[in-house]
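# Structural overview for review
Each chain, letter by letter, is given below.
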Amino acid sequence: MQKQCKGCGAAIQSSRPDDYGYVPEHLLGDEEVICQRCFRISHYGLDEIGPVLAQDSIKAIRAGLDWADGVLLVVDLIDFEAGLPQELIGLIREKPCLVAANKADLLPKQTPLPEVRRWVKERLDHMGFRAEVIVVSAAAGEGFPQLADWIQDLKGNLLIAGVTNVGKSRVIARLLQMRLGGGYRGSQKPTVSPYPGTTVECSSWELITGFRLADSPGYVPQGRLSDLLCPECARELIPDHRLSSSLYPIEKGHVLHIPGLAGIECVQVHGEGVLMGFSGSGVGWRKSSAKHLDKWLWEHERHCSVDSWEHKSITLQPNTDLMIHGLGWVSARKTTYDLRIHLPAGVRISLRPNLIGPKKFR
Ligand SMILES: Nc1nc2c(ncn2[C@@H]2O[C@H](COP(=O)(O)OP(=O)(O)OP(=O)(O)O)[C@@H](O)[C@H]2O)c(=O)[nH]1
Ligand SMILES: [Mg+2]
Ligand SMILES: [Zn+2]
Ligand SMILES: [Zn+2]
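Now for a look at the structure at hand.

Scoring rules and cut-offs
Residues numbered from 1 in each chain as written. Chains lettered and ligands numbered in written order. Predicted model: local features only at pLDDT ≥ 70, side-chain atom pairs only at ≥ 80, totals over all residues. Near = placed C-beta within 6 Å. Helix = DSSP H or I, 4+ residues; strand = E, 2+ residues; numbered from the N terminus. Pairing = 2+ DSSP bridges. Axes fitted to C-alpha atoms, helices over the stretch in contact; angles between N-to-C directions. Contact = placed C-beta atoms within 7 Å. Core = buried A, V, L, I, M, F, W, Y, C linked by C-beta atoms within 7 Å. Buried ≥ 20, exposed ≤ 12 C-beta atoms within 10 Å, placed from the backbone. Domains from an automatic or database assignment.

## Side note on the site of ligand 1
For ligand 1, the set of nearby residues contains 25 residues, the closest of which are A139, G167, S169, T199 and G218. Sorting elements by how many residues they give to the shell around ligand 1 places helix α6 (residues 168-177) first, with 3 residues.

Now the structure itself:
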């Protein structure tokens, strides 16, 4: 069988230094290797080759599913809806599936995780996708004992799948570190990086008890704002801080905005209430007046600029969130808002019951 990089799954080759899987010939031996790209990502935080292409990743995911007895679907709690593309769900729903709602360490400290789990379960039920759910943090270890129990009960080949950058490789790295299934005999771990599209092929680890865990390239989702920017600007939008929120009394004629990325204009308020802006990344929401909206959208100091904006009108009910894929969300409290949303063309939005704060369950 063709040798693979243990970090990203790419087939090892020694002829094209600018391509995936390159290892200089004199470094090839019998032991496990990692490619030059993985080495540079891990040591210098640099990816000179770039992300996996959507058509290659879907091909690899399909092949991984043919091999797998079960699937662990990893989703990012801070960018939840972007993690559930219909095509991906359609592919994995035939297999026994567990959903790991990852990055729980980024939720506000006092967030009750059983409530988050119920929220995730209800959102999946609403989409007609029945799966068990565990809330986890690959960074802090939350939920991993339960995850390990589920995997061990499966007693078969497990594929870890999900969209790019949700933490699939970091989940595997933690499972290997826990010595799941007696551990494995090698020493190389999957490459983890803040850039989406790091893993390029499926690659598996054989555990001492005989079954295998496989990492897979991320499904490349449509409509995530972070994916429209260059890697450096995208990095600023990718959730990596504990979620912060700001509360704004908003009236007709006010806007909440993130300069150069999003504007939410209040067209009408139906009572007294507030909007809350949530973000788990290096950018945050600000309040201004609608008359300055154009200035905020067009005149900013961001490196990447948006050349085409889309405008949508929505009504946001109390205790619901307007989620902007790949950016963050705004939540209405106490009253209903009629809003006009200004976003870079192609960015998707979702409306949902609020993730943070008091909830009504059916
Ligand atoms: N705070 C936090 N960050 C996490 C967690 N899990 C993963 N990350 C971070 O999320 C980013 C992506 O992690 P990866 O494991 O490379 O994600 P992936 O799903 O394998 O991504 P691709 O290979 O690009 O599809 C990295 O910066 C990780 O450190 C978590 O539980 N908490
Ligand atoms: Mg990965
Ligand atoms: Zn590699
Ligand atoms: Zn940029």
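Following the structure, the description resumes.
## With respect to the sheet that holds strand β6 (residues 212-215)
The mixed open sheet is built from 6 strands, whose spatial order is β3-β2-β1-β4-β6-β5. Edge positions in the sheet fall to β3 (132-135) and β5 (203-206), since each has one partner strand and no second. Between one strand axis and the next, the sheet turns through 25° on average, direction left out of account. Taken strand by strand, helix α4 (residues 113-126) contacts β2 (97-102) and β3, and its axis lies near 145° from that of β3.

## Topic: the nonpolar core
In this structure, L73, V99, A100, A101, V136, I160 and I324 are the most contacted members of the largest nonpolar core, which totals 83 residues. No other element matches the 5 residues that strand β1 (residues 70-76) contributes to this core. Shared between two domains, this core holds at least three residues of each, these being domain 1 (25-221) and domain 2 (237-353). In contact with V136, not counting residues within four places along its chain, are A100, A101, N102, A104, E142, G143, F144 and L147.

## Digging into the pairing of strand β8 (residues 254-258)
Along a regular strand, successive side chains alternate from one face of the sheet to the other. Within β8, 4 of the 5 residues are buried, which leaves the element mostly enclosed by the surrounding structure. In this structure, β8 lies alongside strand β11 (residues 286-289), joined through 4 bridges in antiparallel fashion. Paired with V255 across the bridge in β11 is S288. Here β8 pairs with strand β9 (residues 262-269) via 4 bridges, running antiparallel. Of the residues in β9, the one forming a bridge with H257 is G263. Taken together, β8 and the strand that follows it, β9, pair antiparallel across an intervening segment of 3 residues, in which G260 is found at a positive phi of about 75°.

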